[in-house]
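Structural characterization, general
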Amino acid sequence: MSRHGLSLPFSSMLFLFGSTLIGLAAIDAGINLLLILFGLCAGAVLLSAVSGWRGLRHLTVRRMVPDSIVAGRPFEIRYAVRNEGRWAPIRNLHVLDEVDRFSPIGAPEGFLHLLRPGETGFAGVPACARGRGRVRLSAIRLSTSFPFGIFSKSVTIPAEDELIVFPPLARLIGDLESCAGMGEAPGLASTPGRVRGDEEYYGVREYRAGDNPRRIHWRRSARTGQLMIREMSKPRDHQLWCVVDTRTSPDDAGQAERLEQAISAAATAICHALEQGSKVGLMCNGEPLLVLPPGGGRAHQPRLLRELALRAPNHVDPLAHHVQRVAWPARWRGVCLIFAATDGADLRAAARGLSRSIGPTTVLVPGTSAFEGLFAAPQADSEEWPPETMRGSLAARQRPRGRGRSP
Amino acid sequence: MMPFGSSMRTGLVLLALLNMLPALEPDGSWWILVIAVASAILSGLSHRRVRRPDSLRWLVRVAVLASVGYLLYEMFAPQTEQTIYILDLGHFIIFLTCCKFFEMHTHRDMGLIVLMAFLLMIIGAFVSASPLFGVVLVIDITFGLAWLTTFQTRREIDQLVQRRSRELPATRATSYHAELIGGAPPFARSLRATLLLSIALVAFSVICFVAIPRAWGRGILGRMNRFVPASATGFTEEIQLRDAPIVQDETLVMRVRLLRNGKPITGEEAAPYLRGATFDRYRNGRWQRSSAGSAGALPVRSSQRIVPLYPEIDPKSVDAFTIEQQIWLESLGTGALFSMYRPVAIASSDLRRVMPGAADATLHTDDPPRGAVAYQVFSCVSEAVNFGREVPPPRPRTGGIDKIVRAFARGYFNESGEPIGPERHEDLATVICGFLRSGSFQYTLDRGTGPRVTDPMRDFLFDNPRGHCEFFASAMAGLCMSLNIPARVVSGFYGGEYNEVGGFFQFRRKDAHAWVEVYLPGRGWVTFDPSPPSPERRVQGGRGLGHAVSSFVDFLRFKWATLVVAFDTRSRGDLARWFEQWVREAQETREGTGSLLAVLRAFLWGPEMLQRWERILYWLLLVLVAVFAVLAFRVLWILSIMLQEYVMIRGKGDKAVVRKPEARFYDRLLLLLSHKGYVKPRQSTPREFALELARARREFADLPQFTEWFYEVQYGGGTLGRQRWKRLEDFLRRMREDPAFGAR
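Since the structure is predicted, the reported quantities are computational estimates derived from the model, not experimental observations.

Each value, and the rule that gives it
Residues numbered from 1 in each chain as written. Chains lettered and ligands numbered in written order. Predicted model: local features only at pLDDT ≥ 70, side-chain atom pairs only at ≥ 80, totals over all residues. Heavy atoms only, no water. Patch = residues over 30% accessible without salt bridge, like charges linked within 9 Å, V, L, I, M, F, W, Y side chains within 5 Å. Areas by Shrake-Rupley, 256 points an atom, 1.4 Å probe, with all protein chains shown as cover. Salt bridge = Lys/Arg side-chain N within 4 Å of Asp/Glu carboxyl O. Helix = DSSP H or I, 4+ residues; strand = E, 2+ residues; numbered from the N terminus. Buried < 20%, exposed > 50% of the residue type's maximum accessible area, 1.4 Å probe, protein only. Phe/Tyr/Trp six-rings, centres within 6.5 Å; stacked < 30°, edge-to-face > 60°. Lys NZ or Arg CZ within 6 Å of the ring centre and 35° of its normal. Core = buried A, V, L, I, M, F, W, Y, C linked by side-chain atoms within 4.5 Å. Contact = heavy atoms within 4.5 Å. Pairing = 2+ DSSP bridges. Axes fitted to C-alpha atoms, helices over the stretch in contact; angles between N-to-C directions. Parallel < 35°, antiparallel > 145°, perpendicular 65-115°, else oblique. Left-handed = near helix turned anticlockwise from the far one by under 90°. pLDDT = per-residue confidence, 0-100. Buried area = accessible area lost by both parts, 1.4 Å probe. Polar contact = N/O pair within 3.5 Å; in protein donor to acceptor, adjacent residues only side chain to side chain. Nonpolar A, V, L, I, M, F, W, Y, C, P; charged D, E, K, R; others polar.

Residue and element names in this part refer to chain B. Taken together, Val210, Leu575, Trp578, Phe579, Leu597, Leu600, Phe603 and Leu604 make up a surface patch of nonpolar side chains, about 700 Å² in accessible area. Among the elements of the structure, helix 15 (569–589) and helix 16 (596–605) are those that each provide at least two residues to the nonpolar patch. Broken down by element, the nonpolar patch gets its largest block of residues, 4 residues, from helix 16. Mapping Phe579 onto the fold places it in helix 15. Using a relative accessible area of 38% as the deciding quantity, one classes Phe579 as partly exposed.

Encoded structure:
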């Protein structure tokens, strides 16, 4: 059920106070011109209170969000607002999405200048997530303070939705295969060396920062609504385990930041391995314990990234304990990368256990030379996203969600 | 981010300059407007050329200081002109606005200029009475309103983009801003869109104007309204010399037919002086009537019988040496009855009682009927015939006359210094009258200066020899009285237009006049008119576009002064009665009496006696009333819905929470959390809230545990052990004492 609201900012209270003073002065002094000014002020107050208030009840709104959101990468949420009323147009309409307080994105807010009766207006709101996590969109608030800005009238339409912001992808600057010892892994085929020019077309995947822009598949991008690139490498039959130790100390702020870097690096490694045709498994300690067996393909990547996006730091759950508890079948064997915020006895014990159960294991902790040699922070994405030429197609292809309608 | 472009800036500056006019017009300080316009131009040039140079900033600061200094000088420095603080305040605000022209960088700056423009309009409402205020108001609620809504839109967009720019890359925020601004409708469309708003505002304003009763307050703030600069010509029962422009009022006051021995007197034979009131005492620029010497109320009855005003006069003998005046007064506002000197008999079917003034030979009634009045007055032809009622006047009261005026009269008109005998009264009066009509003094309805501290009569004689008939009459009476010659000022009507077809004189309010009567022994009170022929009267005969425009402006000024500025309780009553009478007439006299259609037709057409422009105004009023009715209905409807929702929400309010004593720690916890900025949403359960906080801030990792304890204690019947209490107290203490707690 929609909720209506009428708010009065402090500046408007001052205006009301001033208007009252003008009225009192006019009556006291018997000055007719002052009385005219008072009439104008009173009229402005009344018009501001009632104008548009009824019109808001006739609005319906639809939210359109992109399929995938990556932290640090601008994206756009669009709102289609329709004025079902027959008479009154709505002016200066604010569209505000209500999100959680700790959401990685700020409350998206759009603006429509004019919405005539029977007209549908689209408000596109650019946004950029600060970090990974879950974004709960609970309701859409439509408000207007037209005219005069004295009162702000609003209607809140429930429209629940959820967005998952994937971890930011780091730049891979080193050779992940050699670092992880993929070629030496038991039971795995060796990776043939890639010579420039001998790449073959393999498929199409989503664009990520750092990809060669020349390989953008424009036709597919326009059709799907997001940038796609041609994938030119050959599939390989590797198995990679990414183990993320989410344990941090509650009193150390630096550990929390390093954990985010580790998760970002894990996501990068997962994406890279999947693009190379490897199968990737994921294990995370914490509540609840997560063990995703190795898998490959397009559908597997968002599942892994989603788990990484939602994984919260834990302060009590050691990794080694879980490594010992999990039964590791032989078909899961491969190479293993452990991403952790800090090095310690528990991590080393877990690494030993994993090397016994899975295969060659590498510990990557932010700040260490091994980590810094492989991953670099993502470049600031200052370029326009999406490109100007694609906005129309994006708008058409965006996934409609959260239909709301006021009763 | 620059909040507005050059067009918005120009519009704002023009709006501010326009709103300065009503505050500047009363005292004619147009040089301040010149400064304001120059500031606007300079600010525009500097805005385009440079961006916030330090020299400009310092210049603005110096200008603000100079404005403060000028305000103090105006308020406290001794000046010849009377200090009117609200005008000084207006000047100060105008100077501040000029300074602000150079600092229009943010929305706040722009809002301040709008606020100052509004304050100037308030000051204009206090001090102005000219239609310029109305013109500015009309521009404000059309173009100004469109500008204001455009400004509001841009401000909202800027604030929105500013909020979004915290998480967006700078280039994306800029392009988003440009995208939103680019979608704004052009100004012309905004103007059309705000037209309905303007009409609604005018409707509200008119309804407030008419509906709010007057004369409620004690006029504490009304003391600021000391400077009503414009008034209309017309007869008043008081004479106060003020430096205020007077506009020509064309309203018809009365028609007079003059008969001598049954034959009409034409306009070529005489220019009649119709006396209304006399004044013989001067004090502080105001003439007063010391004593009328009334003989008491005289019943006239509602008959055509001629009633002698003095018992010793035989009505049968009056025909021989009197002039008969048949007078139709349009309305009797003050109770004054007009007649030529000296009335001896009266007849009327409209008047109940009259009170003849024995000392000054004027007529009044204490029971003025509403509407038009007709009466006949018989007056003596010759001043010498006084029926034995000639009473020598007392010695003139010269106490209120400025000593410089008295010294001037004695030194200029009586150089010898010898005592002035009665035989010289006529000569001296003639000399003084000639002195004032000699050309040294200019007749004008607008003296063009503000109020002065000096005596107005002295100011007229020595400093500013310009004025209207009241100044001339006052000067002559004052000079005569300074020479101990009995004199008095008379106000009434003079001249008029002679209608040859009807054979009557027609007097309008613009024909109101003041002249002097000097007492000459043996001849009684003799009329002297020191006013030179008025240029305004000469203009009346002009032709051409200029004259037409001038007449129209004059007409507007008059209508504004009478219908708006001087609208009072009596006007409200008259309006209500007029409407009531018209409705009654419409119901009775229209075709198809009694039918709803006839009444509706009459209502839409309006009263038949309306002129064309009045009918247009009537229809405009109907539109406004209709708009107001629709708006009022809509407001009531929406208010009822809002009230209904409010009551519904209140009805579902939280029931009082009964907290167990041991579980009260949770309330303390919530309070401390709210101090940190984490307010528990109403829709969240305590567990959800705690989990959310624990996920977001690692320092709140224990909150879910504490919440479980709260559940156990509040709902499970459990108790908190000593260890738990210790942990809780420790946690609460840390949260209370560590300002950064919860930020990590």
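Right, let's talk about the packing of aromatic side chains for a bit. Remark: the centre distance and the inter-plane angle together describe each pair of aromatic rings, the angle taken between the planes. All names here are of chain B. Counted under the stated rule, the structure contains 38 aromatic pairs over all chains. Pairing Phe665 with Trp725 gives two aromatic rings, centres 6.4 Å apart and planes at 75°, and the pair type is edge-to-face. Residue Phe665 is found in helix 18 (residues 665–675), and its partner Trp725 is found in helix 21 (residues 722–737); the two are separated by 60 residues along the sequence. Phe665 gets classed as buried once you look at its relative accessible area, which sits at 1%. In this structure an aromatic cluster arises from ring pairing among Phe408, Tyr412, Phe413, Phe435, Phe441, Tyr443, Phe460, Phe462, Phe471 and Phe472. The side chain of Arg61 reaches across the aromatic face of Trp58, ending 5.0 Å from its centre. Taking NZ or CZ as reference, Arg488 lies 3.9 Å from the ring centre of Trp525, over its face.

A separate point is the nonpolar core. The biggest cluster of nonpolar side chains holds 85 residues, and the ones touching the most others in it are Leu34, Leu37 and Leu47 of chain A together with Met20, Ile94, Phe101 and Phe133 of chain B. It is helix 2 (residues 32–50) of chain A that contributes the most residues to this core, 13 residues altogether. Beyond its immediate chain neighbours, meaning those up to four positions away, Phe133 of chain B contacts Leu33 and Leu37 of chain A together with Pro22, Met121, Gly124, Ala125, Ser128 and Trp560 of chain B.

With that settled, consider the environment of Val365 of chain A. Residues and elements named next belong to chain A. In this structure, Val365 sits in the loop between strand 17 (361–364) and helix 9 (369–374). Sequence separation between Val365 and Ala262 is 103 residues, and the spatial gap between their C-alpha atoms is 6.8 Å. In this view, Val365 contacts Ala340, Ala341, Thr342, Asp343, Leu347 and Phe371; residues no more than four positions away in its chain are not counted.

Per the stated rule, a full pass over the model turns up 20 salt bridges over all chains. Close ionic contact of Glu260 of chain A with Arg132 of chain A constitutes a salt bridge, the shortest N to O distance being 2.8 Å. Residue Glu260 of chain A is found in helix 5 (residues 253–275), and its partner Arg132 of chain A is found in the loop between strand 7 (120–128) and strand 8 (133–144); the two are separated by 128 residues along the sequence. With its nearest N and O atoms 3.1 Å apart, the salt bridge here joins Lys100 of chain B to Asp109 of chain B. Note on Asp109 of chain B: relative accessible area 8%, which makes it buried. It is possible to trace a salt-bridge network through shared partners that takes in Arg63, Asp97 and Asp161 of chain A.

Residue and element names in this part refer to chain B. Taken together, the 3 strands give an open sheet; going across it, the order is 2-8-7, and neighbouring strands pair in antiparallel fashion. In the strand order of this sheet, the two ends are held by strand 2 (239–240) and strand 7 (281–283), each with one partner. Inspection of the sheet shows strand 7 paired to strand 8 (residues 286–288) by 3 bridges, in the antiparallel sense. Paired with Arg281 across the bridge in strand 8 is Gln288. Packing against the sheet, helix 12 (residues 469–482) makes contact with strand 2 and strand 8, and its axis sits at approximately 65° to strand 8.

Residue and element names in this part refer to chain B. Across the sheet, which stays open at both edges, the 4 strands sit in the order 6-19-22-23 with antiparallel pairing between neighbours. Pairing within the sheet leaves two strands with one partner each, and these edge strands are strand 6 (273–279) and strand 23 (524–528). Sheet twist, expressed as the mean angle between neighbouring strand axes with direction ignored, is 40°. Two elements, strand 6 and strand 19 (residues 487–494), share 6 bridges in a ladder whose sense is antiparallel. Paired with Arg275 across the two strands is Gly492, which belongs to strand 19. Taken strand by strand, helix 12 contacts strand 19, strand 22 (512–520) and strand 23, and its axis lies near 15° from that of strand 22.

Let us look at the environment of Ala256 of chain A. Turning to its location among the elements, Ala256 of chain A is positioned in helix 5. Distance from Ala256 of chain A to Thr246 of chain A, taken between C-alpha atoms, is 9.1 Å for residues 10 residues apart in sequence. Beyond its immediate sequence surroundings of up to four residues, Ala256 of chain A is in contact with Thr248 of chain A together with Arg698 of chain B.

Okay, the packing of helix 4 (residues 85–101) of chain B against helix 5 (residues 107–127) of chain B next. All names here are of chain B. The geometry of helix 4 relative to helix 5 is characterised by a closest axis approach of 10 Å and an angle of 160° between their N-to-C directions. Taken together, the axis directions place helix 4 and helix 5 in an arrangement best described as roughly antiparallel. Where helix 4 crosses over helix 5, the handedness of that crossing is left-handed. Packed against helix 4, whose contacting residues are Ile86, Leu87, Leu89, Gly90, Ile93, Ile94, Leu96, Thr97, Lys100 and Phe101, the element helix 5 presents Asp109, Leu112, Ile113, Met116, Leu119, Leu120, Ile123, Phe126 and Val127 at the interface.

It is worth spelling out the confidence of the model for chain B at this point. Averaged over every residue, the pLDDT of chain B is 78; the share at 70 or more is 81%. Considering only residues more than four positions removed or in separate chains, one finds that residues 225–230 of chain B, a stretch of pLDDT under 50, has 22 contacts.

To continue, consider the interface of chain B and chain A. At the junction of the two partners, chain B supplies 73 residues and chain A supplies 69 residues. Considering only the surface of chain B that becomes buried against chain A, Glu167, Arg172 and Arg698 of chain B emerge as the three largest contributors, covering 11% of it. Taken together, the links from chain B to chain A amount to 1 salt bridge. A salt bridge links Glu109 of chain A to Arg163 of chain B; the shortest N-O distance between them is 2.7 Å. The interface formed by chain B and chain A contains 12 residue pairs in polar contact (both at pLDDT 80 or more). Of all the secondary structure elements, the ones that give two or more residues to the side of chain B that touches chain A are helix 5, helix 6 (131–164), helix 7 (170–182), helix 8 (187–211), helix 14 (545–565), helix 17 (612–651) and helix 19 (686–696) of chain B. For the side of chain B that touches chain A, the element with the most residues is helix 6 of chain B, which contributes 12 residues. Per-class residue counts for the side of chain B that touches chain A are 45 nonpolar, 14 polar and 14 charged.

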